[in-house]
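Each chain, letter by letter, is given below.
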Amino acid sequence: METTKLLIVGAGPGGYVAAIRAGQLGVPTVLVEAADVGGTCLNIGCIPSKALIHAADEFHKLAQYAAGSPLGISAQSPAINLATTVGWKDDIVKKLTGGVAALLKKNGVQLVQGQAHIVDGKTVDVALAGGKTQRIVCEHLLLATGSEPVALPFMPFGGPVISSTEALSPSKLPGRLAVVGAGYIGLELGMAYRKLGVEVDIIEAQDRILPAYDAALSRPVLASLKRLGVGLYLSTAVQGMSDDGKALRVRDKQDKVTDLPADQVLVAVGRRPRTVGYGLESLMLDMNGSALRIDDQCATSMRNVWAIGDLTGEPMLAHRAMAQGEMVAEIIAGHRRRYAPAAVPAVCFTDPEIATAGLAPQEAQAAGLDCLDAMFPFAANGRAMTLESADGFVRVVARRDNHLIVGWQAVGRGVSELAAAFSQSLEMGATLEDVAGTIHAHPSLGEAVQEAALRALGHALHV
Ligand code: FAD
Ligand code: NAD
């Protein structure tokens, strides 16, 4: 039996960041992980998906050049060696997870590899490799066990039915891929597979893609799906595999049943907090739907039991888990902290990308705020043109009375990098005048941020 001040279960972005910060603050910390450090994000989520998306973009670019290019670039029959691509992606994952392991060590965190089983709010048994069990007793228990993909009840994962995990490590590309769900994963990976030459159909239950975003933001992505030749089936219900197992059977709003030929089916209909299978139920913690209920310090309903990240529900984003983890470590070290970000930015890595922080116009209205909004199109931005990417815009939302900015949205190639400016302006309480009066480098996509603020003030310069 071992005792420690802080015991963290799960070494994803939430758990490992909490452990590093606790280590920095001198809190004796044990971190238990059943798989590889880095969790979903580093091993089977954010990083591998962005690697695959980049490889697919590069390949697609060459394939387009092979058909002629206004840039005067030509290419001949580009080919891709998938094993090398996957190996390159795995190397990035290895470098990052190795880096995390080194940081944990440097900060004095004790990493225990094994499946944790919660005995009570202060006691955890870890099943170690080789069949032994190690009991760890702690003052504070931090739960950071993440989430897992939701399966369709009539079509469990296995064989041709895959989750994002399998889609990120393909040994061979399918000829045809059916993707269920036009959310983050379905669109990011569906587009990447299409760019790698796979015939892709996307089936979405709702009447639009990316239902979490407003129509103006998702419209350029919709146009891009059409350009790429992705089959899109909206307001469509999945019935299961066809009798011969070679197609996905779907039913549209008019009850018309169609078999979509598919070698593989990627199910991306959301993720669920990981709350069962390791004794968590025995703590009888308050729940918030399928997630653990937490307060603004990430405290659960049991004293000195904390929870962060995907386990605590939406938004299931790595940077939220990290911010919560850092905060909980500081609270346990005696700091006064509260989780109250002005905004949690979100980026959808489709082509074009979508980046948001804070409130969209409709959300501001629903919150009872009297706001004005303005957008600046990339069609009027020189840098966007030189990047062959004049689709999309930056939009700002601000209070009408004092011009306090309450939200930013953008769609366009490369707008993920604008998310930092968006979050900073919200966190610092910037007004339209603050952003409009800041000199932005030329030529850059960032100028569209300044111009959106200028436009909201009624005097945009370039539109
Ligand atoms: P996780 O990263 O899920 O880590 C939980 C860890 O706990 C796991 O390592 C697991 O093995 C371990 N664990 C669970 N139970 C036990 C137990 N009983 N004992 C021991 N260990 C246990 N987010 C973004 O912000 N940006 C992106 O671009 C992005 N892309 C994504 C792409 C994909 C394909 C997916 C699937 C997700 C993506 N996400 C992205 C979401 C992001 O991965 C998660 O929000 C993030 O990983 C959550 O971190 P976490 O620490 O809460 O949990
Ligand atoms: P999601 O919630 O983004 O999208 C799920 C989609 O599936 C929705 O559009 C929903 O309407 C649809 N759907 C649900 N049931 C369906 C059914 N039976 N048939 C057809 N469509 C159905 O979920 P996801 O794409 O699985 O991603 C899970 C989570 O992972 C995200 O919510 C996000 O938190 C995280 N993630 C983030 C990023 C990023 O930050 N770039 C990337 C990937 C994943």
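The model shown is predicted, which means the values in this text are computed figures rather than measured ones.

**Q** Is there a simple way to explain the layout of surface pockets in this structure?
**A** In this approach, a probe sized like a water molecule rolls over the atoms, and the result shows the empty space that is left. By volume, the second largest pocket is sized at about 210 Å³. Along the wall of the second largest pocket there are 14 residues; nearest its centre are His319, Ala323, Tyr339, Pro341 and Ala343. Broken down by element, the lining of the second largest pocket gets its largest block of residues, five residues, from helix H8 (residues 318–332). Looking at the lining of the second largest pocket residue by residue, the classes come out as eight nonpolar, one polar and five charged.

**Q** I would appreciate a short explanation of the UniProt feature "domain: FAD/NAD(P)-binding" (unreviewed entry) in the protein in the present structure.
**A** Per the UniProt entry, the sites bearing "domain: FAD/NAD(P)-binding" (unreviewed entry) are residues 5–325 in this numbering. Annotated as residues 5–325, this span is 32% helix and 26% strand, and its ends, taken at the C-alpha atoms, are 16 Å apart.

**Q** Would you take a moment to explain the sheet that holds strand E23 (residues 405–412) for this structure?
**A** Paired through their backbone hydrogen bonds, the strands of a sheet run either parallel or antiparallel. Strand order in the open sheet formed by five strands is E19-E20-E23-E22-E21, and the pairing between neighbours is antiparallel. Both outer strands of the open sheet, strand E19 (346–348) and strand E21 (371–377), are each paired with one neighbouring strand and no more. Taking each pair of neighbouring strands and ignoring which way they run, the sheet shows an average axis angle of 10 degrees. Here three bridges tie E19 to strand E20 (residues 353–358), and the two strands are oriented antiparallel to one another. Looking at the pairing, cysteine 348 lines up with isoleucine 354 of E20. Strands E20, strand E22 (393–399) and E23 of the sheet are contacted by helix H7 (residues 215–228), whose axis makes an angle of about 15 degrees with E23.

**Q** Just to check I follow, could you spell out the domain arrangement of the protein for this structure?
**A** When cut into domains, the protein gives domain 1 (2–149 + 272–332), domain 2 (161–269) and domain 3 (346–456). Placing the centre of domain 1 and that of domain 3 at their C-alpha centroids yields a distance of 30 Å.

**Q** Honestly, empty space enclosed by the protein in this entry has me stumped. Any pointers?
**A** Summed over all chains, the structure comprises one cavity of 30 Å³ or more. What lines the largest cavity is Pro149, Val150, Ser164, Ile185, Val267, Ala268, Val269, Gly270 and Arg271. In terms of residue class, the lining of the largest cavity is made up of six nonpolar, two polar and one charged.

Rules used in this analysis
- Residues numbered from 1 in each chain as written.
- Chains lettered and ligands numbered in written order.
- Predicted model: local features only at pLDDT ≥ 70, side-chain atom pairs only at ≥ 80, totals over all residues.
- Heavy atoms only, no water.
- 1 Å grid on protein atoms, 1.4 Å probe; cavity = no way out; pocket = protein on both sides within 12 Å on 5 of 7 lines; lining within 4 Å.
- Points joined across faces, edges and corners; volume = space filled by probe spheres on them.
- Helix = DSSP H or I, 4+ residues; strand = E, 2+ residues; numbered from the N terminus.
- Nonpolar A, V, L, I, M, F, W, Y, C, P; charged D, E, K, R; others polar.
- UniProt positions renumbered as here; feature names shortened; annotations may be inferred.
- Pairing = 2+ DSSP bridges.
- Axes fitted to C-alpha atoms, helices over the stretch in contact; angles between N-to-C directions.
- Contact = heavy atoms within 4.5 Å.
- Domains from an automatic or database assignment.

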